[in-house]
Amino acid sequence: APTVGQGGIRINPPPGAVAGGNEAAPTAITVVGPGSGGIVVSGGDVLYSQLEIVIRAVEVSSGGVVASGHADGRIRLWANGTDTSPIVLQQHSGVVNDIDFSADGAVMVSGGDDETVRVWDAVNASYRGVLAGHTGAVRGVAVSPDGTLAASASEDCSVRLWDVNAGRQQTTFVSGNIRSFTVDFNSDGSQVAAGDNAGNVILFDVATGRRV
């Protein structure tokens with residue numbers, strides 16, 4: 001098993017899984033959080049295990065809330081490391097590929113095979129709205145530290161910036177013939193990094209939309 005540091009997450013195969021087979025799809029999460037103000041799951045304790053629902057994304061908020069995105073289009077929110085009854089959220093009509101929280105844990109964004117980015121109030125576990133415009137599966141999402149902007153990377157070969165509060169696209173960072181798979185903000189929200197299937201990591205300036 002890999003070493004997991006504080007605040008990290010590990011996806012485990014289900015018990016008895018056969019390497020290389022469909023049975024080895026990741027369906028259990030182990031979460032290790034900070035000892036102060038967060039969650040601690042130690043000794044390999046499993047927070048959630050349901051073999052028929054494959055987990056495609058996991059994220060831990062600054063307040064210790066765990067979000068898991070699933071192949072059934074649902075997101076499950078776990079209040080802490082001992083929670084056994086998650087809140088189930090569903091707006092995506094396809095696989096949920098990625099999830100991210102704002103720095104204060106109040107805003108959550110998700111992206112999926114239905115070509116959308118969804119915005120959530122993570123505190124009240126409620127749906128805020130959709131950010132639509134991609135024409136391919138959304139593989140990676142990120143929300144700025146202050147929760148006002150979202151970035152998305154898609155199979156449609158674009159990386160986009162969204163105004164979360166207005167619910168509209170603000171900038172297209174890149175559009176071409178190379179699929180994008182992952183995206184993230186820097187610590188102050190001034191830059192976005194995106195990774196694609198050509199092996200590139202590209203840095204963008206949020207204010208201008210230009211490549212750094």
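Higher on the page you've got the structure.
Cut-offs applied
- Residues numbered from 1 in each chain as written.
- Predicted model: local features only at pLDDT ≥ 70, side-chain atom pairs only at ≥ 80, totals over all residues.
- Heavy atoms only, no water.
- Helix = DSSP H or I, 4+ residues; strand = E, 2+ residues; numbered from the N terminus.
- Buried < 20%, exposed > 50% of the residue type's maximum accessible area, 1.4 Å probe, protein only.
- Lys, Arg positive; Asp, Glu negative; His and termini not counted.
- Salt bridge = Lys/Arg side-chain N within 4 Å of Asp/Glu carboxyl O.
- Contact = heavy atoms within 4.5 Å.
- Polar contact = N/O pair within 3.5 Å; in protein donor to acceptor, adjacent residues only side chain to side chain.
- Core = buried A, V, L, I, M, F, W, Y, C linked by side-chain atoms within 4.5 Å.
- Pairing = 2+ DSSP bridges.
- Axes fitted to C-alpha atoms, helices over the stretch in contact; angles between N-to-C directions.

## Observations concerning the side chain of Asp100
With respect to the secondary-structure elements, Asp100 resides in strand 8 (residues 96–101). Comment: no salt bridge for buried Asp100; closest opposite-charge side chain is Arg128, at 13 Å. Discounting chain neighbours no more than four positions away, the residues touching Asp100 are Glu59, Val107, Met108, Val109, Val141, Ala142 and Val143.

## What about the environment of Asn124?
Here Asn124 shows up in the loop between strand 10 (116–121) and strand 11 (126–132). Sequence separation between Asn124 and Val107 is 17 residues, and the spatial gap between their C-alpha atoms is 9.9 Å. In this structure the side chain of Asn124 is engaged in a polar contact, spanning 2.9 Å, whose partner is the side chain of Asp121.

## Focus: unusual backbone geometry
Most of the time, phi is negative for any residue but glycine, and the peptide bond is trans. We note that Glu115 has phi near 70°; this positive angle belongs to a residue other than glycine. With respect to the helices and strands, the residue Glu115 is situated in the loop between strand 9 (107–112) and strand 10. Exposure remark for Glu115: the relative accessible area of 30% places this residue in the partly exposed category. Its identity as a non-glycine residue notwithstanding, Ala125 has a phi of 55°, on the positive side.

## So, the pattern of salt bridges
As enumerated under the stated definition, the model contains 7 salt bridges in all. Linked by salt bridges that have partners in common, Asp113, Arg139, Glu155 and Arg179 make up one network.

## A look at the nonpolar core
Counting 15 residues, the largest nonpolar core has Val183, Phe185 and Val192 as the members making the most contacts within it. Of all the elements in the fold, those that place two or more residues in this core are strand 13 (149–154), strand 14 (158–163), strand 15 (168–175), strand 16 (180–185), strand 17 (191–196) and strand 18 (201–205). With 3 residues, strand 13 is the largest single contributor of residues to this core. Once you skip the residues sitting within four places of it in the chain, Val192 turns out to touch Ala151, Phe173, Val183, Asp184, Phe185, Ile202, Leu203, Phe204 and Val206. Among the nonpolar cores identified, the runner-up in size contains 12 residues, and Ala57, Phe101, Trp120 and Ala122 belong to it.

## With respect to the sheet that holds strand 18
With antiparallel pairing, 3 strands are arranged side by side in an open sheet as 16-17-18. Each edge of the open sheet is held by one strand with a lone partner, namely strand 16 and strand 18. Put simply, the sheet's adjacent strands are angled 25° from each other on average, direction ignored. Two strands pair when backbone bridges link them, and strand 17 and strand 18 are joined in this way by 5 bridges, in the antiparallel orientation. For Gly195, the partnering residue across the bridge sits in strand 18 and is Val201.

## Brief notes about the pairing of strand 6 (residues 74–78)
Of all the 5 residues making up strand 6, 4 are buried; the element is thus mostly covered by neighbouring parts of the structure. As defined by bridge partners, strand 6 adjoins strand 7 (residues 87–90) across 4 bridges and the pair is classed as antiparallel. Bridge pairing links Arg74 to Gln90 in strand 7.

## Quick word on the environment of Gly94
Summarising the element assignment, Gly94 is placed in the loop between strand 7 and strand 8. With a relative accessible area of 16%, Gly94 lands in the buried category. Separated by 20 residues in the primary sequence, Gly94 and Arg74 have C-alpha atoms spaced 8.5 Å apart.

## Examining the sheet that holds strand 5 (residues 66–70)
Overall, antiparallel pairing links the 4 strands, which are arranged 4-5-6-7 in an open sheet. Of all strands in the sheet, those bounded by a partner on one side alone are strand 4 (55–60) and strand 7. Each strand of the sheet is rotated relative to its neighbour by a mean of 20°, with strand direction disregarded. The pairing of strand 4 with strand 5 spans 5 bridges and is antiparallel. Across the sheet, Val60 pairs through a bridge with Val66, a residue of strand 5.

## What to know about the side chain of Arg118
Position of Arg118 among the secondary structure elements: in strand 10. Here Thr116 takes part through its side chain, which lies 3.0 Å from a polar atom of the side chain of Arg118. Setting aside its immediate chain neighbours within four residues, Arg118 contacts Gln91, His92, Met108, Val109, Ser110, Tyr127, Gly129 and Val130.

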